[in-house]
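# Fold and geometry: a report
The primary structure of each chain is shown beneath.
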Amino acid sequence: MSIKENIDAVNKRISAAAEKSGRKREDILLLAVSKTVDIPRMNEALSAGLSEFGENKPQEINRKYYEIENVKWHQIGHLQTNKVKYIIDKVCLIHSLDSLKLAEEISKRAKAAGITMDVLIEINIAGEESKHGIAPEKAEELALEVSRLDNIRVCGLMTVAPFVEDSEENRGHFARMRKLFVDIRDKNYNNIDMRYLSMGMTNDYEVAVEEGANIVRIGTGIFGARDYSV
Ligand SMILES: *Cc1c(COP(=O)(O)O)cnc(C)c1O
């Protein structure tokens, strides 16, 4: 299937899942995960109607940024403090905030650039050793600490759920993410704007949407298997 056909298929499935949770297709952002994907293939996705792209590596954003236009970039992978400077003026949302130290660096760099950076707090919802993100119990505390910094705004939560054979196995994790998200949102803290719940990837995005995701991050399902050798 072509990239356009893949996107059409994903869009249909998002619509169906959104309907199940009483929402509309427009309420959900399909973020195209373009790590390892070259510019011509990104252009195909752009022509098919996608304009927001997510990358893991700041270096890859930094390189591609100058090679393609009319794109909104998201930093979705783990972000080291010393890499913030490469992307601060290039991305619209950082999905992977996982420490106060990183928040302080983002705050400092955003202030120098004269912008406010939106961030999501990454949650390790299943407590996996191999995963980044903080424990769910720590999310509210970190959100409050970040809310006191200038030029950075917590806008929601993100998770990378376990890799499972049957996406139903992740339903409970997504439901707990949603509850955490709503609990913090409903406290209406100053300078915390709980708008985005970023969860669901190629293998489990329909379940994630059914449980309340409003950003899904899809790579393989759009571009096919990744080639890390290039
Ligand atoms: C690679 C990646 C994705 C997309 O994964 P697919 O299974 O290819 O859809 C989503 N989120 C993060 C953080 C990733 O690193």
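See the structure shown above.
Summarised in this report is the structure supplied together with it. Each chain carries its own residue numbering, running from 1 in the written order of its sequence. Restriction of local features to residues with pLDDT of at least 70 applies here, the model being predicted, together with a cutoff of 80 or more for giving and counting side-chain atom pairs; totals for whole chains, interfaces and linings are based on all residues. In computing side-chain properties, one takes all heavy atoms of the structure into account and sets aside hydrogens as well as water.

Another aspect to go through is the site of the ligand. To be near a molecule or strand, a residue needs just one of its heavy atoms within 4 Å of it. All residues adjacent to the ligand are Val33, Lys35, Asn56, Ile76, Val160, Met201, Thr202, Arg217, Ile218, Gly219, Thr220 and Arg226. N or O atoms within 3.5 Å of each other form a polar contact, as long as, within protein, one can give a hydrogen and the other can take it, and as long as residues adjacent in sequence are counted only when both atoms are side-chain atoms. The contact in question runs from an oxygen atom of the ligand to an N or O atom on the side chain of Thr202, over 2.4 Å. Side-chain polar atom of Thr220 to an oxygen atom of the ligand: 2.5 Å apart, as the coordinates give it. Methods summary: accessible areas were calculated by the Shrake-Rupley approach with a probe of 1.4 Å, and residue burial reflects only the protein chains presented. In isolation the ligand has 390 Å² of accessible area, and contact with the protein removes 90% of it. Of the two site types, the cavity is a set of points on a 1 Å grid over the protein atoms alone where a 1.4 Å probe fits but cannot get out, and the pocket is an open set with protein on both sides within 12 Å along at least five of seven lines, each lined by residues with an atom within 4 Å of a point. Throughout, a molecule is located in a cavity or pocket provided that more than half of its atoms lie within 2 Å of its grid points. More than half of the atoms belonging to the ligand lie within 2 Å of the grid points that define the largest pocket. Among the residues making up the shell around the ligand, the classes are represented as 5 nonpolar, 4 polar and 3 charged. Just so you know the grouping, Ala, Val, Leu, Ile, Met, Phe, Trp, Tyr, Cys and Pro go in nonpolar, Asp, Glu, Lys and Arg go in charged, and all remaining residues, Gly too, go in polar.

Attention shifts here to the packing of aromatic side chains. By convention here, two paired aromatic rings are described through the distance between centres and the angle between planes. Only Phe, Tyr and Trp rings take part, Trp by its six-membered ring, and two of them pair if their centres are within 6.5 Å. Stacked means planes under 30 degrees apart, edge-to-face means over 60, and tilted covers everything else. The final tally for this structure, using the stated rule, is 2 aromatic pairs. Considering the side-chain rings of Phe53 and Trp73, the 6.4 Å spacing of their centres and the 45 degrees angle between planes classify their relative orientation as tilted. With a gap of 20 residues between them, Phe53 in strand β2 (residues 52–55) and Trp73 in strand β3 (residues 72–75) connect regions that are remote in the sequence. Accessibility here uses a 1.4 Å probe with only protein chains present; expressed as a share of the type maximum, an area under 20% marks a residue as buried, one over 50% as exposed, and anything in between as partly exposed. In this structure Phe53 comes out as buried when scored by relative accessible area, which is 0%. Ring centres of Tyr65 and Tyr66 lie 5.1 Å apart, and the angle between their planes is 80 degrees; on these two criteria the pair is classed as edge-to-face. With a relative accessible area of 62%, Tyr66 lands in the exposed category. Under the DSSP-based scheme used, a helix requires at least four consecutive residues in state H or I and a strand at least two consecutive residues in state E, with every element numbered from the N terminus.

Another point: the pattern of salt bridges. Just to be clear on terms, a salt bridge is a Lys or Arg side-chain nitrogen sitting within 4 Å of an Asp or Glu carboxyl oxygen. Counted according to the given criterion, the structure contains 19 salt bridges. With its nearest N and O atoms 3.0 Å apart, the salt bridge here joins Asp8 to Lys4. Note that Asp8 and Lys4 are positioned in helix α1 (residues 3–20) at a spacing of 4 residues, about one turn of the helix. Taking the relative accessible area as the measure of exposure, Lys4 reaches 43% and is therefore partly exposed. Where Asp150 meets Lys111, a salt bridge forms, and the shortest distance between an N and an O atom there is 3.0 Å. Of this pair, Asp150 sits in the loop between α6 (139–147) and β6 (152–159) while Lys111 is found in helix α5 (residues 100–113), placing the two residues 39 residues apart along the sequence. Owing to a relative accessible area of 41%, Asp150 belongs among the partly exposed residues under this scheme.

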